[in-house]
Amino acid sequence: MTPLASAADLPTSFCGIELAHPIVNGSGTFDAIAARRAFGPALEETFPFAAFVSKTVTLMPRQGNPPPRLWELPGGLINSIGLPNKGLAGYLTHDLPELAALPVPLIVNVMGFTRDEVAELVRAFAEREEVAALELNVSCPNVETGLIMGADPTETARLVERVRPLTTKPLIVKLTPNATDPGAVAAAAEAAGADALSLINTIRGMALHPRTGDQWLGGVTGGVSGATVRAVALAQVADVAGRVRLPLVAMGGVQRGRDADDLLRAGATLVAVGTESFRDPLAGARIAAELAGLRQEAPAPGAVAFHRP
Amino acid sequence: MTPLASAADLPTSFCGIELAHPIVNGSGTFDAIAARRAFGPALEETFPFAAFVSKTVTLMPRQGNPPPRLWELPGGLINSIGLPNKGLAGYLTHDLPELAALPVPLIVNVMGFTRDEVAELVRAFAEREEVAALELNVSCPNVETGLIMGADPTETARLVERVRPLTTKPLIVKLTPNATDPGAVAAAAEAAGADALSLINTIRGMALHPRTGDQWLGGVTGGVSGATVRAVALAQVADVAGRVRLPLVAMGGVQRGRDADDLLRAGATLVAVGTESFRDPLAGARIAAELAGLRQEAPAPGAVAFHRP
Amino acid sequence: MGAAAEGLTTDDGRRTLAPPGRRRVTVLARQQFGAYAVLRVADPGGPPPRPGQFAMLAAVERWGGGDGERPFLPRAFSVLRARPGELEFLLEDVGPGTNRLAELEPGDGLWVLGPLGIGFGVAASELAGRRALLVGGGVGIAPLAILQDELTASGAGATVLLGFRDGLHSAGAALLRETRIATDDGSHGHEGLVTDLLAEELDRDPAAVVYACGPPPMLEAVRVLCAEREVPAQLALESGMACGFGACFGCVVPTRDGYVRLCLDGPVLDADRLDSALTPGAGH
Amino acid sequence: MGAAAEGLTTDDGRRTLAPPGRRRVTVLARQQFGAYAVLRVADPGGPPPRPGQFAMLAAVERWGGGDGERPFLPRAFSVLRARPGELEFLLEDVGPGTNRLAELEPGDGLWVLGPLGIGFGVAASELAGRRALLVGGGVGIAPLAILQDELTASGAGATVLLGFRDGLHSAGAALLRETRIATDDGSHGHEGLVTDLLAEELDRDPAAVVYACGPPPMLEAVRVLCAEREVPAQLALESGMACGFGACFGCVVPTRDGYVRLCLDGPVLDADRLDSALTPGAGH
Ligand SMILES: Cc1cc2nc3c(=O)[nH]c(=O)nc-3n(C[C@H](O)[C@H](O)[C@H](O)COP(=O)(O)OP(=O)(O)OC[C@H]3O[C@@H](n4cnc5c(N)ncnc54)[C@H](O)[C@@H]3O)c2cc1C
Ligand SMILES: Cc1cc2nc3c(=O)[nH]c(=O)nc-3n(C[C@H](O)[C@H](O)[C@H](O)COP(=O)(O)OP(=O)(O)OC[C@H]3O[C@@H](n4cnc5c(N)ncnc54)[C@H](O)[C@@H]3O)c2cc1C
Ligand SMILES: Cc1cc2nc3c(=O)[nH]c(=O)nc-3n(C[C@H](O)[C@H](O)[C@H](O)COP(=O)(O)O)c2cc1C
Ligand SMILES: Cc1cc2nc3c(=O)[nH]c(=O)nc-3n(C[C@H](O)[C@H](O)[C@H](O)COP(=O)(O)O)c2cc1C
Ligand code: FES
Ligand code: FES
């Protein structure tokens, strides 16, 4: 399809971090430590992303939601994972050293149930030179607080104002799509000092048991991701790009270089791959190569301006 | 698949209106007058819906958005139609007499850009005995105002309070899915005197031109509907059903009796079919028959209670 | 064949009413004409379409069947030719829908909704003694075949001018009779545009009614040529459609009186209703 | 065959590492065994899997290929049998994914990611002189075939007990050697449950290690039987998976130490780690 091109043709600068190409992973959709257990040292040689974003870390350890946690959709997935993780202490002891050894910069994604908790998490990473940037998950639809903080401009602004002074590292705010006006939240985050924004997180969805008609997911509702959210993601990215000057990490249903290109045209600086990595662990590298191929055909445009009629 | 069953097995009462079965159309997805031009009098003999919901009527005539207005998705559609209609006067003169002659009750869907406009529309239909119920479109993502009124509980409450005294007809408020908390809007509409709620309207989405990378839709963004929104619709219906006691008209991606059944189990009283009618003009009747078939296999449950873990 | 097969017509005889449900029909044959495929289907219950009418088609298998791949919505196709109980369609493989249709085999199931829309006006009152000039471009030749059949049957006759990209496409000309052909690359007939042939014909004898179907730039050139010479023209336009029966308001094209739904008030429009035939989003 | 084909193992020899990319392989043959299909594929680059390991499979064509129908995600399948450069899988058609795989023909393309997960522990230290008792139910017999091959090759040998619904399914027993069979309807072997046979065997001689794979109720019965008799058991469980390599946290099952990802820490788990083998959402 696209001519074989190298992702090395697409060096990208993001908040002062130099990346080999603009494709990273979506938080919680690639576990580099698990992948190293499954694939061994070969993983590092073919690491598919230009930076690694870790799964959301909370202050205390979490088991996550009861299974079943997955429901397949035509072109997508509902997950109700529920943010299982070892907690801050466990992450610092067990995960950080392993992730720091990856061949790409590390972005740590954190979530707290209060502003104090987020502050504690940010403070914990502020001095860790293994960490290139921090992403604040204010948007997880599986956990009550995520919805509340990230859906409201004022709440978001207060959170960012609170943690901004605690670190000089780039702060990425990950917006929730389950909000009336993601553009307004984006503008509030920018005004409060965020360095970048990422979007979209998963969209709230639900499935019933095919035989009993009861709820299927252990967490009742879950988050929709994959191809099926692509058009919604594109709309929100274009909207937010029109409202802020911050660099954006865009995601939602990216499966091919073409999808990544659409998000870049809509105004993003980086593109994250989530669900597609489940189908193809090296999807990130493939998409970067496809994108480089498209760029050979037609060079990168400036972000397109979308005009209301 | 399902045994041949008759939709007549499913009489349903909705706000005091007796219907042959629980399947109606989504506003703006079936034009009974146009269909009569295409299909002639045979349409009435096989009319697919138990009640007819007309396309949104505004006070003044509207041309709608410039084309292109459609973009196909895997399992769905983005439309940026932009609410073209003849306006109130044109509707009363040209459409109402024709729609009143349909073999099923008529529900008129109206939208205004201010509360005064909505009030004027509601007043205009209050005394028309051809009209069984009114649906307030406060949610159309193609028009700025729709987003604002229907996404905010207070705005919605004010609107409903304003128009509630103007009619004794059942008032259905059609919620927007592009809201932080549709359940809160639903509760506000109930408290303000709505008789029923309908959901979901389309989800904001966007597409780029496959070759030029520019915006595809004349209206820049549009609304996503069809199978691809089904899981999101189900989640919102279950959420709203848990927050209000009002009857619900549920819609979003219904293609089969099974999908309608899921929404009924989640707490709806009626189910509306939208995009699927584009694929199959008699989809409403087919889905009603499939539903009756499912009911023969397993009788209707009470609405399932979904328990958070 | 029942009442439906008799064909109630409205809109001055330019519309045969469609039965309200989509019909599951069976593919009888698929034949290749260069770049085009002709699909012949059995349609025992279907009424006889008017020339220029179309149908919404979807394969029964692997077409968003309850579980959403693309193609998801049915696609619009002009009736190429109709015989009692049979319909023919002409396809060019340009995307997922036409690709899927072009791989159907005899025996496969096809959903058909139609005939839909308003066809060409060929009543004696419309021709008013002038000759019929049929102008087709690419896959747009499809509705001209059934139109030629009708004009031949009525004794009116027609002059047929067809334009194609290249030799592979001009193979489609075999579907009509007594054609003059233009190809962009000169591989068949006149090297150049079909509108060169049209200008020639109109210069020779402007007492004509033009019936045209083809890509938007061709239709626009036809419109301008005819407008300059005050020759009446009927243009079969294209636009993206979701439903084909007026339900979605998605297929509008701008006319001098505002937007009209092409599936309901077209696809054939009188050229003098248009400021331009270059409708947004049409063509590939 | 390169380094990958040699097969680096970890987790006490119970895991062969997978190459990090999915491999596009070719179907060599499909053979029907009653209700089951065996798919044999060429996998020249693949390392030799350990018994109990699985692979994520997806057809190259018509599998959410960039445009989202269901099946969209790959599906997990135990390796039935492995020869150098070849793999075999056993399928039962229970939904869109297995349906699509079961219609693959020789020459068709298949995506394979694997071998994945931790397989059965069959080291001499684990057997510790006891005999191996293999207990399979339905399509769960798959990993027992490769396990029997391994135990036969090592000279340890194995007693094989298989349970099926009916005669159509018990045809799958032909995939293993020297089996004792139970069917629910008595159409083949013992009329009743395979756990009846297991109880009999353990009553006769409890010096055994049990290796089991099958539907959750069967595994739970095996777990209870073995726990009562303090017989060590290794159970190959099932749960819904999206990725198969630990990326999504979707496949967790509850153990005495909390949830574990079955694709990473399983699918084979020591029975004494479980309070129950009835994992939510598994089975059909
Ligand atoms: C009245 C009428 C009669 C017609 N008669 C014929 C005929 O006789 N023979 C024939 O071959 N064709 C005919 N067409 C055209 C035919 O309907 C289209 O070519 C067909 O819809 C293409 O579908 P596709 O899936 O193959 O291609 P698509 O993927 O739909 O691509 C076709 C064009 O649609 C646009 N497009 C691309 N992606 C999308 C998307 N996701 N959503 C929306 N638009 C998109 C682009 O402009 C693209 O070039 C007719 C159209 C009309 C309206
Ligand atoms: C480690 C492991 C090894 C396995 N080995 C084998 C093997 O060797 N042979 C074999 O035949 N099978 C095996 N399986 C099971 C196999 O993976 C499943 O049967 C397969 O995923 C079914 O896919 P499907 O699309 O055919 O059916 P699905 O539609 O996925 O239905 C299968 C079951 O999944 C659930 N389900 C239904 N719809 C959905 C949905 N939309 N989203 C999520 N869940 C849904 C229901 O419980 C349903 O009964 C194994 C599973 C695991 C985890
Ligand atoms: C299984 C799964 C787990 C996820 N976990 C997290 C998480 O821990 N933190 C987070 O910020 N986003 C999480 N996400 C959201 C993704 O990072 C991403 O925003 C979303 O999936 C959309 O991208 P996609 O369509 O490419 O998957 C998760 C998504 C999935 C599918
Ligand atoms: C083409 C199109 C036009 C629509 N027009 C209207 C409208 O005028 N008023 C309205 O309230 N909803 C309108 N809707 C929304 C539908 O009524 C319905 O809420 C939505 O499409 C979801 O249902 P579906 O997935 O079954 O299509 C429209 C939807 C489509 C696809
Ligand atoms: S295609 Fe739907 S109105 Fe014309
Ligand atoms: S299947 Fe994704 S973590 Fe196990």
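Residues numbered from 1 in each chain as written. Chains lettered and ligands numbered in written order. Predicted model: local features only at pLDDT ≥ 70, side-chain atom pairs only at ≥ 80, totals over all residues. Heavy atoms only, no water.

As a further point, take the overall build of chain C. In terms of regular secondary structure, chain C is built from eight helices and 17 strands. Relative to the compact-globule value of 19 Å for 284 residues, chain C shows a C-alpha radius of gyration of 18 Å, a close match. Taken along the three principal axes of its C-alpha coordinates, chain C extends 55 × 40 × 35 Å. Taking all 284 residues of chain C together, the buried fraction comes to 58%. Contacts spanning at least 24 positions in sequence make up 65% of the contacts within chain C whose residues lie at least 6 apart. In the structure as shown, chain C presents an accessible area of about 10,400 Å², 50% of it carried by carbon and sulfur atoms. (Helix = DSSP H or I, 4+ residues; strand = E, 2+ residues; numbered from the N terminus. Rg over C-alpha atoms; globule rule 2.2 N^0.38 Å. Buried < 20%, exposed > 50% of the residue type's maximum accessible area, 1.4 Å probe, protein only. Contact = heavy atoms within 4.5 Å. Areas by Shrake-Rupley, 256 points an atom, 1.4 Å probe, with all protein chains shown as cover.)

Before going further, it helps to spend a moment on unusual backbone geometry. Cis geometry marks the peptide bond from Pro-67 of chain B to Pro-68 of chain B; its omega dihedral reads -5°. Looking at where Pro-68 of chain B falls in the secondary structure, it is placed in the loop between strand 4 (52-53) and strand 5 (70-73). Cis geometry is adopted by the peptide bond preceding Pro-267 of chain C, which originates at Gly-266 of chain C and carries an omega value of 10°. A positive phi angle, near 55°, is found at Leu-83 of chain A, a position not held by glycine.

Another aspect to go through is the pattern of salt bridges. All names here are of chain B. Counted by the stated rule, this structure contains 92 salt bridges over all chains. Taking the shortest distance from any N to any O, the salt bridge between Arg-115 and Glu-155 comes out at 3.8 Å. Of this pair, Arg-115 sits in helix 4 (residues 115-126) while Glu-155 sits in helix 6 (residues 153-163); the two residues are 40 residues apart in sequence, bridging distant segments of the chain. Since its relative accessible area comes to 28%, Arg-115 is described here as partly exposed. (Salt bridge = Lys/Arg side-chain N within 4 Å of Asp/Glu carboxyl O.)

We now examine the pairing of strand 10 (residues 159-164) of chain C. Successive side chains on a regular strand alternate, one facing one side of the sheet and the next facing the other. Residue and element names in this part refer to chain C. The element strand 10 is extensively covered by neighbouring structure, given that five of its six residues are classed as buried. As paired elements, strand 9 (residues 131-137) and strand 10 share five bridges and run parallel to each other. Bridged to Gly-136 within strand 10 is Leu-162. A crossover links strand 9 with its parallel partner strand 10, the connecting element being helix 4 (residues 142-153), and its sense is right-handed. Here strand 10 pairs with strand 11 (residues 179-183) via five bridges, running parallel. Paired with Leu-161 across the bridge in strand 11 is Arg-180. (Pairing = 2+ DSSP bridges. Right-handed = clockwise from strand over helix to strand, strands pointing away.)

Here the structure, examined in full by the defined rule, presents zero disulfides over all chains. Summary of cysteine pairing: Cys-213 of chain D is not part of a disulfide, and the nearest cysteine sulfur, belonging to Cys-226 of chain D, is at 14 Å. (Disulfide = S-S within 2.5 Å.)

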